[in-house]
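Structure assessment
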Amino acid sequence: MIKKFVIPISYLHHPLFLKLLDRTQGMYGYHIKGPLRVPCFADDFVDLRRRIEKEYRFSALELKI
């Protein structure tokens, strides 16, 4: 089953997401019409998103100190 996720554009530059995009390019190529599809399970994508969010929150806390 395909699930849809919306993420901030800033995530596209994160190293973990870039690895996923490289894998996506290898599987589907760059010429996809419509939404970006990534070759991973939804639970794995949610975990990836949580890891990125955690890093961004930690970075934001460091800036406030």
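In what follows, the structure referred to is the one given above.
We now turn to the structure provided with this report. This is a predicted model, so every value here is computed, not measured.

1. So, the overall build of the protein
When helices and strands are counted, the protein shows 2 helices and 0 strands. Counting all 65 residues of the protein, 17% fall into the buried class. The contacts of the protein with a sequence gap of at least 6 include a subset with a gap of at least 24, amounting to 59%. Working note: accessible area of the protein is about 5800 Å², and carbon and sulfur atoms make up 59% of it.

2. With respect to helix H1 (residues 15–28)
Taking 1.5 Å of rise per residue, the 14 residues of H1 would be expected to cover 20 Å, and the 20 Å separating its terminal C-alpha atoms lies within 8% of that figure. The complete set of buried residues in H1 reads Leu-16, Phe-17, Leu-20 and Thr-24. Down the axis of H1, the smallest arc covering the buried residues is 90 degrees, so these residues share one side. More than 90 degrees from the buried face of H1, the exposed residues found are Pro-15, Lys-19, Asp-22 and Gly-26. Positive phi appears at Gly-29, one or two residues downstream of H1, with a value of about 80 degrees.

3. Re the pattern of salt bridges
A complete count under the given rule lists 1 salt bridge for this structure. Between Arg-49 and Glu-53 there is a salt bridge, with its nearest N and O atoms 4.0 Å apart. Taken together, the positions of Arg-49 and Glu-53, both in helix H2 (residues 42–64) and 4 residues apart, correspond to about one turn of that helix. Arg-49 gets classed as partly exposed once you look at its relative accessible area, which sits at 23%.

4. Considerations on the packing of aromatic side chains
What characterises a pair of aromatic rings is the spacing of the ring centres plus the angle enclosed by the ring planes. A complete count under the given rule lists 2 aromatic pairs for this structure. Ring centres of Phe-5 and Phe-45 lie 4.9 Å apart, and the angle between their planes is 35 degrees; on these two criteria the pair is classed as tilted. In this pair, Phe-5 is assigned in the segment before H1 and Phe-45 in helix H2, connecting sequence segments 40 residues apart. Judged by its relative accessible area of 30%, Phe-5 falls in the partly exposed class. The class of Phe-45 is buried, set by a relative accessible area of 7%.

Each value, and the rule that gives it
All chains use their own residue numbering, which begins from 1 and follows the written sequence. Only residues with pLDDT of at least 70 get local features here, since the model is predicted, and only at 80 or more are side-chain atom pairs given and counted; chain-wide, interface and lining totals rely on the full set of residues. Heavy atoms throughout the structure, all of them, feed into the side-chain values; hydrogens and water do not. Runs of E in the DSSP output that reach at least two residues are strands. Runs of H or I that reach at least four are helices, and both are numbered from the N terminus. Think of it in three bands: with a 1.4 Å probe and only protein chains considered, a residue is buried below 20% of the maximum accessible area for its type, exposed above 50%, and partly exposed in between. Between two residues, a contact is recorded if the distance between any of their heavy atoms is within 4.5 Å. To be clear on the numbers: accessible area is Shrake-Rupley with a 1.4 Å probe, and residue cover counts the displayed protein chains and nothing else. Expected helix span is taken as 1.5 Å per residue step, with the number of steps being one fewer than the number of residues. Working note: the arc is built from the helix axis to C-beta atom directions. Salt bridge, as used here: a side-chain nitrogen of Lys or Arg that lies within 4 Å of a carboxyl oxygen of Asp or Glu. Under the pairing criterion, centres of Phe, Tyr and Trp rings, with the six-membered ring standing for Trp, must be within 6.5 Å; the plane angle then separates stacked pairs below 30 degrees from edge-to-face pairs above 60, leaving the rest tilted.

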